[in-house]
Amino acid sequence: MLFAIRFFDKADSLPLRQQMMAAHIAWLDQEREHVLVGGSLRHSPEQAPVGGLWVVEADSKAAAELLLKQDPFYTAGLRESWEILHWSKAFEDRKVPV
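Residues numbered from 1 in each chain as written. Predicted model: local features only at pLDDT ≥ 70, side-chain atom pairs only at ≥ 80, totals over all residues. Heavy atoms only, no water.

**Brief notes about the layout of surface pockets**
And step 1. Approximately 410 Å³ is the volume attributed to the largest pocket.
And step 2. Around the largest pocket, the lining is made up of 18 residues, and of these Leu36, Val37, Val55, Trp87 and Lys89 lie nearest the centre.
And step 3. Of all the elements in the fold, those that place two or more residues in the lining of the largest pocket are strand 2 (35-41) and strand 3 (51-57).
And step 4. Per-element accounting of the lining of the largest pocket gives the leading share, 6 residues, to strand 2.
And step 5. Within the lining of the largest pocket, the residues separate by chemical class into 10 nonpolar, 3 polar and 5 charged.
And step 6. If you add up the space inside the second largest pocket, you get close to 210 Å³.
And step 7. Looking at the second largest pocket, it is lined by 18 residues, and the ones nearest its centre are His24, Ile25, Leu28, Gly38 and Gly39.
And step 8. Sorting the residues of the lining of the second largest pocket by element identifies helix 1 (14-30), strand 2 and strand 3 as the ones contributing at least two each.
And step 9. If you tally residues by element for the lining of the second largest pocket, the top one is strand 2, at 6 residues. (1 Å grid on protein atoms, 1.4 Å probe; cavity = no way out; pocket = protein on both sides within 12 Å on 5 of 7 lines; lining within 4 Å. Points joined across faces, edges and corners; volume = space filled by probe spheres on them. Helix = DSSP H or I, 4+ residues; strand = E, 2+ residues; numbered from the N terminus. Nonpolar A, V, L, I, M, F, W, Y, C, P; charged D, E, K, R; others polar.)

**Some words on helix 2 (residues 61-68)**
And step 1. For helix 2, the set of buried residues is Ala64, Leu67 and Leu68. Buried residues of helix 2, seen end-on, are gathered within an arc of 95° and therefore sit on one face of the element. Those residues of helix 2 that are exposed and aimed more than 90 degrees away from the buried face are Ala62 and Leu66. (Buried < 20%, exposed > 50% of the residue type's maximum accessible area, 1.4 Å probe, protein only. Arc of directions from axis to C-beta.)

**Topic: the side chain of serine 13**
And step 1. Structurally, serine 13 is set in the loop between strand 1 (2-9) and helix 1.
And step 2. Of the residues examined, serine 13 reaches a relative accessible area of 11% and is grouped as buried.
And step 3. Polar contacts involving the side chain of serine 13 include one to the main-chain carbonyl oxygen of lysine 10, which spans 2.7 Å. (Polar contact = N/O pair within 3.5 Å; in protein donor to acceptor, adjacent residues only side chain to side chain.)

**Regarding the environment of leucine 67**
And step 1. Within the fold, leucine 67 resides in helix 2.
And step 2. Using a relative accessible area of 8% as the deciding quantity, one classes leucine 67 as buried.
And step 3. Contacts of leucine 67, omitting those with residues within four sequence positions, involve Trp27, Glu31, His34, Val35 and Val56. (Contact = heavy atoms within 4.5 Å.)

**So, unusual backbone geometry**
And step 1. You will see that aspartate 12, though not glycine, has its phi angle at about 55°, which is positive.
And step 2. Secondary-structure assignment places aspartate 12 in the loop between strand 1 and helix 1.
And step 3. According to the relative accessible area criterion, aspartate 12 is exposed, its value standing at 78%.
And step 4. Even without a glycine there, the phi angle at phenylalanine 91 is positive, about 55°.
And step 5. Tracing the backbone through its elements, the reader meets phenylalanine 91 in the segment after strand 4 (79-86).

**So, the pattern of salt bridges**
And step 1. The full count for this structure, using the stated rule, is 5 salt bridges.
And step 2. Measuring nitrogen to oxygen at the nearest pair gives 3.4 Å for the salt bridge that ties glutamate 65 to lysine 69.
And step 3. With a relative accessible area of 34%, lysine 69 lands in the partly exposed category. (Salt bridge = Lys/Arg side-chain N within 4 Å of Asp/Glu carboxyl O.)

Structural data, given as structure tokens:
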């Protein structure tokens, strides 16, 4: 199943985000079979991230939540909250680079 996960970072957390970025990116690369697409979300390109968005393939919503709780951003305390939504992809047969 596919899920969209929207993350909300804690306020004033840019220093922690920067400190954990290398570990987070390495972890995402390790989990690329499950985290198909990921990236930060910002109100404008020059502003600090306010959170992130992933597209995840997992067996269940619970499995997606277990996965996100292994992310160094989560374990370091960056995330304030998140929501996990089932995602129904249009044109399921299309594989496109993002």
